[in-house]
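Remarks on the overall topology
The residues making up each chain are set out below.
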Amino acid sequence: MIQVEHLTRRYGEVTAVDDVSFSIGSGEVVGLLGHNGAGKTTIMKMLTGYLEPTSGSIRVDHLTVGPDTRQIQARIGYLPENCPVWPEMTVIDFLHYQASLHGIPENERTKAIARAIQRADLKAKATDEIQTLSRGYRQRVGVAQAILHQPDIVILDEPTNGLDPTQIHQMRDLIRELSKTATVIVSTHILQEVQAVCERVLIMRAGKLVIDKRLDELRESDRIRLVTGADARPALERVARLSVVEPIRTDSGRDSQGQSSGQRYEYRLLADETLLPEIASQLVAANVPILNLSPDERDLERVFAEVNGEVEHG
Ligand SMILES: Nc1ncnc2c1ncn2[C@@H]1O[C@H](COP(=O)(O)OP(=O)(O)OP(=O)(O)O)[C@@H](O)[C@H]1O
């Protein structure tokens, strides 16, 4: 549905987005994750046609951003990072105004607004002035304006920014609800946000796309963690399909009284879990005490830390 190819955006000397390519299928819920300044907002602004790429292309089905920007914008709902909402307007007046900006015909506006209010769960606040609303409700007003024209793509930039835990929970429910009828892209620097609502993550670092994976693929491990009470390498050499063994550390273990409880050897093995039984039997045959033998699972937090150079890769 969305095809981004070799997208680059420079601001003078700064390359904010650097040769980024990805595609997103219809109905996917994708998290765009990266530290502040990674280039997320710049990508969102280009996707929504508010900022021109320096080079590269964005297509939505058969439409191309540039020549077909107006048609693409009609299909996209966008919640910008700091969604401008007019504080002195009531929710309903603001949505009327936004409906006119979206080009919704006058005779359809009331229905469109009622639908957006209902989906964003704003009924109780519809006639309140926006300045009297909590930050959570204001964000929902932002979402309501984004979905007024029933877009099939919804792009949300930092949707839970500044919300308290209850409001975050409500916003996540709202995103899940939106994902039933639209492709959703959520930009965030908060890992939990991606974990809570997305099925796929694009991780940006310094303008580059460094990871594009489904969350369930990310969790799959191609490594095994092994802790033994003796040097395991001679036994591991007998495991035919095991090519890489990284010794991580050797400690002299201490029990709770501070007495020496023998050596501890820790390894990371480049192998998937189907090799666990063979590794175990070779270790047992060689009389190597096994203290731990398990898939070395990576969660999103670890992957994110790795790509940002905050921990060693591995
Ligand atoms: N209008 C601009 N002029 C010059 N540099 C800019 C401009 N907008 C963004 N940048 C720079 O481009 C880089 C990417 O910024 P961008 O706002 O896209 O990142 P981000 O991942 O969305 O971060 P944040 O979450 O802080 O908004 C940063 O180095 C930023 O300073």
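About the thresholds
- Residues numbered from 1 in each chain as written.
- Predicted model: local features only at pLDDT ≥ 70, side-chain atom pairs only at ≥ 80, totals over all residues.
- Heavy atoms only, no water.
- 1 Å grid on protein atoms, 1.4 Å probe; cavity = no way out; pocket = protein on both sides within 12 Å on 5 of 7 lines; lining within 4 Å.
- Points joined across faces, edges and corners; volume = space filled by probe spheres on them.
- Helix = DSSP H or I, 4+ residues; strand = E, 2+ residues; numbered from the N terminus.
- Nonpolar A, V, L, I, M, F, W, Y, C, P; charged D, E, K, R; others polar.
- Near = heavy atom within 4 Å.
- Polar contact = N/O pair within 3.5 Å; in protein donor to acceptor, adjacent residues only side chain to side chain.
- Areas by Shrake-Rupley, 256 points an atom, 1.4 Å probe, with all protein chains shown as cover.
- Phe/Tyr/Trp six-rings, centres within 6.5 Å; stacked < 30°, edge-to-face > 60°.
- Buried < 20%, exposed > 50% of the residue type's maximum accessible area, 1.4 Å probe, protein only.
- Lys NZ or Arg CZ within 6 Å of the ring centre and 35° of its normal.
- UniProt positions renumbered as here; feature names shortened; annotations may be inferred.
- Contact = heavy atoms within 4.5 Å.
- Pairing = 2+ DSSP bridges.
- Axes fitted to C-alpha atoms, helices over the stretch in contact; angles between N-to-C directions.

This next bit is on the layout of surface pockets. Of the volumes computed, that of the largest pocket is approximately 530 Å³. Around the largest pocket sit 20 residues that line it, and Tyr-50, Gln-98, Leu-101, His-102 and Gln-145 are the ones nearest its centre. At the level of secondary structure, the elements contributing two or more residues to the lining of the largest pocket comprise α2 (69-75), β6 (76-79) and α3 (91-101). The element contributing the most residues to the lining of the largest pocket is α3, with 4 residues. Here the residues of the lining of the largest pocket are counted per class, giving 11 nonpolar, 7 polar and 2 charged.

On to the site of the ligand. As a matter of local geometry, the ligand sits amid Tyr-11, Ala-16, His-35, Asn-36, Gly-37, Ala-38, Gly-39, Lys-40, Thr-41, Thr-42, Glu-81 and Glu-158. Gly-37 places a main-chain nitrogen or oxygen 2.6 Å from an oxygen atom of the ligand. Residue Thr-42 places a side-chain N or O atom 2.5 Å away from an oxygen atom belonging to the ligand. For the ligand, the accessible surface in isolation is 630 Å², of which the surrounding protein chains cover 61%. Each residue belonging to the shell around the ligand can be placed in one class, and the counts come to 3 nonpolar, 6 polar and 3 charged.

Bringing empty space enclosed by the protein into the picture now. Counted according to the given criterion, the structure contains 2 cavities of 30 Å³ or more. Taken together, Gln-195, Leu-215, Leu-218, Arg-219, Asp-299 and Leu-300 make up the lining of the largest cavity. Here the lining of the largest cavity gets 3 residues from one element, more than from any other, and that element is helix α8 (residues 215-219). Among the residues making up the lining of the largest cavity, the classes are represented as 3 nonpolar, 1 polar and 2 charged. Computed from the structure, the second largest cavity encloses a volume of approximately 30 Å³. Along the lines of polarity and charge, the residues of the lining of the second largest cavity split into 7 nonpolar, no polar and no charged.

Going through the model one piece at a time under the given rule, you end up with 3 aromatic pairs. Ring plane angle 20° and centroid distance 6.0 Å describe the contact between Tyr-50 and Tyr-78, whose orientation is recorded as stacked. Of this pair, Tyr-50 sits in the loop between α1 (40-47) and β4 (55-60) while Tyr-78 sits in strand β6, and the two are 28 residues apart along the sequence. Consider the rings of Trp-86 and Phe-94, whose centres lie 6.0 Å apart with planes at 35°: the pair is tilted. A relative accessible area of 36% means that Trp-86 is categorised as partly exposed. An aromatic cluster of three or more residues is present, and its members are Trp-86, Phe-94 and Tyr-97. Directly above the ring of Tyr-137 sits Lys-125, whose terminal nitrogen or CZ lies 5.0 Å from the centroid. The side chain of Arg-140 reaches across the aromatic face of Tyr-137, ending 4.6 Å from its centre.

Sites flagged by UniProt as "domain: ABC transporter" (unreviewed entry) map to residues 2-231. In residues 2-231, helix accounts for 34% and strand for 30%; the two terminal C-alpha atoms are 52 Å from one another.

Of all 8 residues that make up helix α11 (residues 300-307), 6 are buried, and the element is covered over most of its length. Here α11 has its buried residues at Leu-300, Val-303, Phe-304, Ala-305, Glu-306 and Val-307. Contacts from the buried residues of α11 go to β3 (29-33), α7 (191-197), β9 (200-205), β10 (208-214) and α8. Directly beyond the C-terminal end of α11, a positive phi value near 70° is found at Gly-309.

The sheet built from 4 strands is open, its strands ordered β2-β1-β4-β5 with antiparallel pairing. Either end of the sheet is taken by a strand with one partner, and the two such strands are β2 (14-24) and β5 (63-64). The sheet contact formed by strand β1 (residues 2-11) and β2 spans 7 bridges and is antiparallel. Among the inter-strand pairings, Ile-2 is bridged to a residue of β2, identified as Ile-24. Packing against the sheet, α1 makes contact with β1, β2 and β4, and its axis sits at approximately 120° to β1.

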